[in-house]
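One-letter residues, chain by chain:
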Amino acid sequence: MDLLNTLVDKGLRRESPSREEALAVLATSDDDLLDVVAAAGKVRRTWFGRRVKLNYLVNLKSGLCPEDCSYCSQRLGSKAEILKYTWLKPDEASRAAAAGVAGGAKRVCLVASGRGPTDKDVERVAKTIDAIKSENEDVEVCACLGLLSDGQAERLRGAGADAYNHNLNTSEATYGDITTTHTYADRVDTVRKAHEAGLSACSGLIAGMGESDEDLVDVVFGLRALDPDSVPVNFLIPFEGTPLAKEWNLTPQRCLRILAMVRFVCPDVEVRIAGGREVHLRSMQPLALHIANSIFLGDYLTSEGQAGKADLDMIADAGFEVEGAGEVTLPEHRAGGCGSVCAGDSGEVAAEVPEARTDLVAVRRRGAGTDVAPNA
């Protein structure tokens, strides 16, 4: 297929595809799916070999968020029956992080619900970072605390944080349909603050919220413009009790096309399969490893993932290897810095909406904030 040959050539040159080419990836047929995965896999292997980076989430503060993000089980007014607790103490967070590191995680992501941290919260997270790094010197720590005020990124960097995550989530044009308590521009500003402070910027998206192919391409090109080092691709987990509980729009094939499009637009960036992979990719998860070079190990913020050992077995069975603590994730030219189905005009019939699989959404009841051992 000429399209895929062109995209591979551009990916190996770190050249951006056109919007039309990105849209064409999302419009490919299921008959061409393995060709799409193979093409994206060539780009992935060129920049990242067969390594898979493992990341582990620690939810420092669960629920009770004043923001109204429609996709989130922790949102204002959410009726999802999730764990709710206030800030973990540094030693509690450190123990949770240690479980992930023992399972093979190279990066620990410290996440707290809320609009953004107060200065007191930043100090609290600084103590948590210190506790984690005193036990696991080589572990990378990424903070995800919401919108940052001036100077906070610098303080997190000074406290030992390596990265900061703040996702764009969806396109600027449709952002107001998903969230009204802050703007797309607010999110862009926080990613830029992280970059300017010398933190490795991590920013991604959520697919499956009813967006169009054009929206998906818009947000991915927006991410490319911000030049994050890592791009997490989340697939909406339709929690009961949230406004998007009925948005079951994704199939495994659709998820693979989205991941491939992200890889072609961001060829030399750490592409991470994030929340929802078990729910939507299901038995196709190993194929996704041929496109993405990073996953979250075990559980997520408020939902359970597959067992950590199952993740490790999947990586090995697919012929990949876990990236070691001493290995540099990013290609050499990046490592020095911190640095969707629409038929369009093809006339094809849109794919049938998949059946809602609420049985696949398991609320987290273990790990941080509980007395039950974590999944790692």
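Above this note sits the structure.
Residues numbered from 1 in each chain as written. Predicted model: local features only at pLDDT ≥ 70, side-chain atom pairs only at ≥ 80, totals over all residues. Heavy atoms only, no water.

### Concerning the environment of Ala260
Point 1. Along the polypeptide, Ala260 turns up in helix α10 (residues 252-265).
Point 2. In this structure the C-alpha to C-alpha distance between Ala260 and Leu33, which are 227 residues apart in sequence, comes to 9.9 Å.
Point 3. Look past the residues within four positions of Ala260 in its chain and what remains in contact with it is Val25, Val36, Ala40 and Ile291. (Helix = DSSP H or I, 4+ residues; strand = E, 2+ residues; numbered from the N terminus. Contact = heavy atoms within 4.5 Å.)

### Focus: the pattern of salt bridges
Point 1. Evaluated as defined, the whole model comprises 26 salt bridges.
Point 2. A salt bridge links Lys53 to Glu270, with the shortest nitrogen-to-oxygen separation between them at 3.5 Å. Taken as a pair, Lys53 in strand β1 (residues 51-61) and Glu270 in strand β8 (residues 270-273) lie far apart in primary sequence, 217 residues in all. Side by side, Lys53 and Glu270 carry an identical accessibility label, which is buried.
Point 3. In this structure, Asp189 and Lys193 form a salt bridge, with 2.4 Å as the shortest nitrogen-oxygen distance. Here Lys193 and Asp189 lie together in helix α8 (residues 184-196), a separation of 4 residues that amounts to about one turn.
Point 4. One network of salt bridges, in which partners are shared, links Lys53, Arg107, Glu140, Glu270 and Arg272. (Salt bridge = Lys/Arg side-chain N within 4 Å of Asp/Glu carboxyl O. Buried < 20%, exposed > 50% of the residue type's maximum accessible area, 1.4 Å probe, protein only.)

### Quick word on helix α9 (residues 213-226)
Point 1. The first and last C-alpha atoms of α9 sit 20 Å apart over 14 residues, in line with the 20 Å expected at 1.5 Å per residue.
Point 2. Taking burial as the measure, the 14 residues of α9 include 10 buried ones, the bulk of the element.
Point 3. The complete set of buried residues in α9 reads Asp213, Asp215, Leu216, Val217, Val219, Val220, Phe221, Gly222, Leu223 and Leu226.
Point 4. Those residues of α9 that are buried are in contact with α2 (19-26), α8, β6 (205-207), β7 (230-235) and α10. (Expected span 1.5 Å × (residues − 1).)

### Focus: the environment of Glu355
Point 1. Note that Glu355 resides in the segment after α14 (332-335).
Point 2. With 16 residues separating them in the primary sequence, Glu355 and Asp371 have C-alpha atoms 35 Å apart.

### Here's the deal with helix α13 (residues 308-317)
Point 1. Gly308, Asp311, Met314 and Ile315 are the residues of α13 that are buried. Viewed end-on, α13 has its buried residues packed into an arc of 120 degrees, placing them on one side of the element. Of the exposed residues in α13, the ones pointing more than 90 degrees away from its buried face are Lys309 and Asp317.
Point 2. Buried residues in α13 make contact with β1, α11 (277-280), α12 (285-288), β9 (294-296) and β10 (321-322). (Arc of directions from axis to C-beta.)

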